[in-house]
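What follows is each chain in one-letter form.
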Amino acid sequence: MRAADAVFEALKAEGVNHVFGIPGGANLPVYDALHDAELDHIQVRHEQGAGHAAEGYAKATGKVGVAFATSGPGATNLVTPIADAMMDSVPTVFITGQVRTDLIGTDGFQEADVTGITMPIVKHSFLVTDPRQIPEYIHAAFHIASTGRPGPVLVDIPQDLVRADVDYEPPTGTPDLPGYKPPLEGNIKQIRLAAKALANARRPVIYGGGGIIHANASEEFREFCTADNFPVTLTLMGLGAFPAPHEQWLGMLGMHGTRTANYAMDEADLIVAVGARFDDRITGKLSEFAPRAKFVHIDVDPAEIGKNVPAHIPIVGDAKDVLAKLNREYRALKADSSRLDDWWKRIREWQTTYPLRYEDTNDSEIKPQFMIEAMYEATGGDAIIASDVGQHQMWAAQYYHFSKPRRWLNSGGLGTMGFGLPAAIGAKVGCPDETVVALCGDGSLIMTAQEMATAAHHDIPVKIFLMNNGHFGMVRQWQELFWDGRYTAVEMGPSPNWPKLAEAFGWKGFQCTDKTELRDAMAATLEADGPALLDVHVTKDENCFPMIPAGNAARDMVG
Amino acid sequence: MGEPGTSELVKLEDLEASRTLTGRKHILSLMVENKPGVLARIAGLFSRRGFNIDTLAVGPTEDPNISRITLTLDGAVHPIDQVTKQLHKLVNVIKIRDMEPDQTVAREMALFRVNAAVENRQEIMQFAEIFDAKIVDVSRRSLTIEVTGTADKIDSFENMIRPHGLIEMARTGEVAISKARPDN
Ligand SMILES: Cc1cc2nc3c(=O)[nH]c(=O)nc-3n(C[C@H](O)[C@H](O)[C@H](O)COP(=O)(O)OP(=O)(O)OC[C@H]3O[C@@H](n4cnc5c(N)ncnc54)[C@H](O)[C@@H]3O)c2cc1C
Ligand SMILES: Cc1ncc(C[n+]2csc(CCOP(=O)(O)OP(=O)(O)O)c2C)c(N)n1
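Residues numbered from 1 in each chain as written. Chains lettered and ligands numbered in written order. Predicted model: local features only at pLDDT ≥ 70, side-chain atom pairs only at ≥ 80, totals over all residues. Heavy atoms only, no water.

Glancing now at the sheet that holds strand E7 (residues 204–208) of chain A. Residues and elements named next belong to chain A. Across the sheet, six strands lie side by side as E9-E8-E7-E10-E11-E12; this open sheet has parallel pairing. Whereas interior strands pair on both sides, the edge strands pair on one side only; in this sheet they are strand E9 (249–252) and strand E12 (313–316). Within the sheet, the average angular offset between the axes of one strand and its neighbour, ignoring direction, is 15°. Strand direction decides the pairing type here: E7 and strand E8 (residues 232–234), joined by three bridges, are parallel. Each bridged residue has a counterpart across the sheet, and for Gly208 the counterpart in E8 is Leu234. Docked against the sheet, helix H8 (residues 188–199) engages E7, strand E10 (270–274), strand E11 (294–299) and E12, running at close to 135° with respect to E12. (Pairing = 2+ DSSP bridges. Helix = DSSP H or I, 4+ residues; strand = E, 2+ residues; numbered from the N terminus. Axes fitted to C-alpha atoms, helices over the stretch in contact; angles between N-to-C directions. Contact = heavy atoms within 4.5 Å.)

Turning our eyes to something else, we now look at helix H17 (residues 420–430) of chain A. Of all the eleven residues making up H17 of chain A, ten are buried; the element is thus mostly covered by neighbouring parts of the structure. Inspection of H17 of chain A places Gly420, Leu421, Pro422, Ala423, Ala424, Ile425, Gly426, Ala427, Lys428 and Val429 of chain A among the buried residues, and these make up the whole buried set. (Buried < 20%, exposed > 50% of the residue type's maximum accessible area, 1.4 Å probe, protein only.)

The next point concerns the domain arrangement of chain A. Residues and elements named next belong to chain A. The domain boundaries assigned to chain A delineate domain 1 (3–162), domain 2 (188–353) and domain 3 (368–537). Measuring from the centre of the C-alpha atoms in domain 1 to the corresponding centre in domain 2 gives 37 Å. If you look at the interface, domain 1 gives seven residues, while domain 2 gives six residues. The contact between domain 1 and domain 2 buries some 580 Å² in all, and 53% of this surface belongs to carbon and sulfur atoms. The tally of links between domain 1 and domain 2 comes to two salt bridges. The shortest N-O distance in the salt bridge between Arg149 and Asp301 comes to 3.0 Å. In this assembly, domain 1 and domain 2 are joined by four residue pairs in polar contact (both at pLDDT 80 or more). Taken together, the residues of the side of domain 1 that touches domain 2 sort by class into two nonpolar, two polar and three charged. (Domains from an automatic or database assignment. Buried area = accessible area lost by both parts, 1.4 Å probe. Salt bridge = Lys/Arg side-chain N within 4 Å of Asp/Glu carboxyl O. Polar contact = N/O pair within 3.5 Å; in protein donor to acceptor, adjacent residues only side chain to side chain. Nonpolar A, V, L, I, M, F, W, Y, C, P; charged D, E, K, R; others polar.)

It is worth spelling out the domain arrangement of chain B at this point. All names here are of chain B. You can read the domains of chain B as domain 1 (12–99) and domain 2 (105–178). Inter-centroid distance (C-alpha atoms) of domain 1 to domain 2 is 29 Å. Between domain 1 and domain 2 the total buried area reaches about 680 Å² when both faces are included, carbon and sulfur atoms providing 53% of it. Counting across the interface, domain 1 meets domain 2 through one salt bridge. Taken together, the elements giving at least two residues each to the side of domain 1 that touches domain 2 come down to strand E1 (25–33), strand E2 (55–60) and strand E3 (66–74).

Moving on, we come to unusual backbone geometry. Omega for the peptide link from Phe545 of chain A to Pro546 of chain A comes to -5°, which places this bond in the cis form. Along the chain, Pro546 of chain A turns up in the segment after strand E18 (532–537). Even without glycine at this site, Ala290 of chain A takes up a positive phi of about 35°. Structurally, the position occupied by Ala290 of chain A is in the loop between helix H12 (280–283) and E11. The phi dihedral of Asp132 of chain B falls on the positive side, at around 60°, and the residue is not glycine. Its place among the elements puts Asp132 of chain B in the loop between helix H3 (118–130) and strand E6 (134–138). In this structure Asp132 of chain B comes out as exposed when scored by relative accessible area, which is 65%.

And the structure:
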């Protein structure tokens, strides 16, 4: 068969039902083969949209997300989502067209060295040099993208090779990759040691992250955390891995986390990190981070252990396996829970003194935090929320109490504005029965607003809740707090008429400027047939608090 | 730390994290798949993570599918453990060995072109002899000398020869293999 047809045989064997992409010269043969292939292709309006949609699909379903692009500008448009998927460990496969092999290296039309450009931002990449490699590399790409620490894999296929004749044999067993052996099981001795250390800890904190979600280990995580009365906090990427409304829940930690979670880290004697990578948004000033704590660090990527913070008990392995064993080992010790009573007394004090709070208005003005609370109610707290980047993202993390994994899709590591809408589209494609809301900032949405056309074209009924503050709010906040209020390039000026813009794309458009009407407006938007946008005008200069100013320590939280 | 929660004692204060900086030179020996782009991936990783390579040598091994890359790095500056873990994440890197200094044979080759006027020619040739070096090219005004040995030996030779007018120097970087066990 044509190698292009083998591409789809390989995708079928990998269980792929949906791909996101845009055709062009170099991947024309692939698109020709798509004509007869049995999968849904979602024709996005910009390759960045394809990439983020693939990410949203992957984050919501746990399956590998797939995007296609042509050579040159098509492929370079994928750079941002590839980098995003790398930072957030999202299992994705990007299949790009490349110019003919005889043109490679000659600055041929639409030639760009994508494998070179993306080398630092992929988990791995393949440049096909022989048509027989095509199915082999695609299978290897799926294996690498989805195992160990997940991540993006690129397969770059020259246009002439994909037209060649090849035989397709479905793979038997895992691909032959002598240098790739992701660890799975944690060392039992280390796990036992960790259990004993925990049993002797007086002020433990369990600090969980995105790795729990990647490992589908939320159940095991909850079991372990409740094996004793352990205080639990999660990173932005881990939200949903532990049910938020819970006695043991301290809230998110880090720069915009709760005071309670950050103070608990500060005073802890033992911190158990699970699938979390001690990002600087967590540690702040490294030398003053959790100064009294010893660390148990559980991660599938050995390089994360000891990278930023020393690990006293390193455990390399898949969180699902390690947590199950740790839970068993810990329970067997029958530790005395009452040793944690003093610790909880201290924690409860913080919780009472420093709850998350904001000053609501007495008039019709909509506070952004109020908008998130209304969104929580309107969706029953159970929607998939795909967020853009900025203040709205942080407020959602604080006030939308995620209680299940894979409901909170956002760009944490790269912080990519414009992620929300395409990610929501991908999530809705993957989870058609779920309510999917893109929570957007007015600065972010316009970066990928063209994807409204995609949703209309393919009947993908996502909803946009636009938090419209007329600013690049997060940057405005930094300029206010740390740059003496010298506002530069943060005001959005004449913003588009969003409901009309939505209507122009074939969406329903709604607007709300009055607090008393917000709940109804949200309900109407959610109930509307097809995709719909709700433009919510919120307070223009609200700041997101509390906050640890960048490079400071937990004790220096402000607001 | 007062009363423990169980009778199984693990004192938190006794737990120690492993040191990150070793303070000595390390020779890393990497077995990598002989595929296009592998060296670029390794070089890219080093520049991205801010690791400095002191020397790098690449060549074939007894297996045509596998190349060996020998790197030297300063363990006083870089956490070697983090370097090897990052290298391990490259899919084409099959095996990494952080060579134990006393169980390793390491050698480097260097070529020196030195000013050698009639007056000091004799002296330079004596140095060469002491260092077991070979004169591989001779001209009226210069000598080209090949030295093989440990990096230290080559450093010493360079120090000896420099005052005579070192015109040019090329070093390969060390290559290394483990010593055979006595019973092998
Ligand atoms: C505006 C803005 C503000 C932010 N503020 C905050 C903040 O206040 N608080 C906060 O927490 N974050 C914040 N972030 C996000 C932050 O930048 C990081 O993205 C985030 O903290 C990283 O989360 P994580 O440690 O859970 O790691 P992730 O990036 O989710 O990484 C997952 C980790 O789990 C490991 N892993 C993967 N799979 C497995 C497995 N199967 N088993 C075991 N381990 C596995 C990986 O190796 C990796 O180490 C902010 C981002 C933005 C854009
Ligand atoms: C692509 C990209 N460009 C720039 C930034 C820097 N940045 C971070 S937050 C932000 C403002 C976001 O504004 P908006 O989407 O309106 O959200 P708000 O903070 O107002 O809620 C900017 C410009 C970024 N994160 N991503």
